[in-house]
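Single-letter residue listing:
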Amino acid sequence: MIEGYFDDTEERRKQRQNGTGWIEVIVGSMFSGKSEELIRRLNRARIARQKVQVFKPKIDARYSREEIASHSGQTHTSLPVTTAAELLAEIEHDTQVVGIDEGQFFDMELVEAVNRLAAEGKRVIVAGLDQDYTGRPFEPMPQLLCVAEFITKTHAICVKCGSTANYSQRTVESDARVEVGAADKYEARCRKCFVPHADAPTAG
Ligand code: ADP
Ligand code: ZN
């Protein structure tokens, strides 16, 4: 069974009974379903009448400013914040579940922030890119993976060959680490088809 597709693993149930919080991290390449998986978990928590707060970094103006969105069109309302400190300041004391999308666009203080929220008894779910367009680990996601109780790695399908895609291939010329875009600037590729610099988009 794929961990992460079941919200109620035995460990999570035990932790809930103990009243302790925890951190879940969802990582993978672009188009791998991170936002879909985050939205799915948040919706389930809401259906169970848990108080949920969702955040995204202000930098990501991809679709809608007040929503997190998946490439397949699913959305969930969220609050855009600029820093981890701003996120902490917005947390209400009775919030049970905190969702954070595009974690890689936050500062390193996000690690301490989510640790604090979990210590206060909250369930924290962070989704984000684990690698940048050159394949380098994308901080603060590596550090978040280290402190998380639960980790889910999602994969896309390589648009060139159909293998498991673990990389976000940039398809437009740019040396900027942060180049916000979707299918207009990136495509999913496997280890064999990925090149650590801009490459022409796959035809068709
Ligand atoms: P992420 O948050 O990881 O970027 P999303 O949850 O936003 O991913 O989007 C996942 C959706 O992207 C899939 O359900 C599918 O509709 C779409 N998609 C586009 N290209 C691909 C691909 N190459 N492999 C898999 N899904 C893709
Ligand atoms: Zn491939």
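In the block above lies the structure referred to throughout.
Residues numbered from 1 in each chain as written. Chains lettered and ligands numbered in written order. Predicted model: local features only at pLDDT ≥ 70, side-chain atom pairs only at ≥ 80, totals over all residues.

Caption draft 1: Summary view of the overall build of the protein chain. Helices and strands together make up the secondary structure of the protein chain, namely 5 helices and 12 strands. Taken over C-alpha atoms, the radius of gyration comes to 17 Å for the protein chain, in line with the 17 Å a tight globule of 204 residues would show. Each of the three principal axes of the protein chain carries a C-alpha extent, and together these read 50 × 35 × 30 Å. In the protein chain, which comprises 204 residues, the proportion classed as buried is 39%. In the protein chain, the share of contacts with a sequence separation of at least 24, taken over all contacts with a separation of at least 6, comes to 72%. (Helix = DSSP H or I, 4+ residues; strand = E, 2+ residues; numbered from the N terminus. Rg over C-alpha atoms; globule rule 2.2 N^0.38 Å. Buried ≥ 20, exposed ≤ 12 C-beta atoms within 10 Å, placed from the backbone. Contact = placed C-beta atoms within 7 Å.)

Caption draft 2: View of the site of ligand 1. Close to ligand 1 lie 16 residues; Lys34, Ser35, Ser70, His71 and Ala156 are nearest. Those elements giving two or more residues to the shell around ligand 1 turn out to be helix 2 (34-47) and strand 9 (156-157). When residues of the shell around ligand 1 are assigned to their parent elements, the largest contribution, 3 residues, is made by helix 2. A breakdown of the residues in the shell around ligand 1 according to their chemical character gives 6 nonpolar, 8 polar and 2 charged. (Near = placed C-beta within 6 Å. Nonpolar A, V, L, I, M, F, W, Y, C, P; charged D, E, K, R; others polar.)

Caption draft 3: Fine view of the environment of Gly162. With respect to the helices, strands and loops of the structure, Gly162 is situated in the loop between strand 9 and strand 10 (164-165). The exposed category is assigned to Gly162, around which 10 C-beta atoms lie within 10 Å. Through-space distance from the C-alpha of Gly162 to that of Glu173 is 24 Å; in sequence the pair is 11 residues apart.

Caption draft 4: Structural view of the sheet that holds strand 6 (residues 97-100). Taken in spatial order, the 6 strands of this open sheet run 5-2-6-7-1-8, and their pairing is parallel. Looking at the sheet topology across the chains shown, the edges are occupied by strand 5 (79-81) and strand 8 (150-154). Adjacent strand axes in the sheet meet at a mean angle of 20°, parallel and antiparallel pairs treated alike. This element, helix 2, spans strand 1 (22-28), strand 2 (52-57), strand 6, strand 7 (123-129) and strand 8 of the sheet and lies at about 165° to strand 7. (Pairing = 2+ DSSP bridges. Axes fitted to C-alpha atoms, helices over the stretch in contact; angles between N-to-C directions.)

Caption draft 5: Looking closely at the nonpolar core. With 44 residues, the main nonpolar core has Val25, Val114, Val124, Val126, Leu144 and Ala188 as its most contacted residues. The element contributing the most residues to this core is helix 4 (residues 109-119), with 6 residues. When neighbours within four sequence positions are excluded, Val25 is seen to be in contact with Val126, Leu144, Leu145, Ala148 and Ile151. (Core = buried A, V, L, I, M, F, W, Y, C linked by C-beta atoms within 7 Å.)

Caption draft 6: Quick peek at the pairing of strand 2. Counting buried positions along strand 2 yields 6 of 6 residues, so the element is predominantly enclosed. Neither face of strand 2 is left uncovered, since the one carrying Val52, Val54 and Lys56 and the one carrying Gln53, Phe55 and Pro57 both have all their residues buried. Pairing geometry for strand 2 and strand 6, over 4 bridges, is parallel. Following the sheet pairing, Val52 is matched in strand 6 by Val97.

Caption draft 7: Local environment of the environment of Val159. You can see Val159 is positioned in the loop between strand 9 and strand 10. Along the backbone, Val159 and Glu37 are 122 residues apart, and their C-alpha atoms lie at a distance of 21 Å. Apart from the residues lying within four places of it in its own chain, the contact partners of Val159 are Glu187, Ala188, Arg189 and Thr202.

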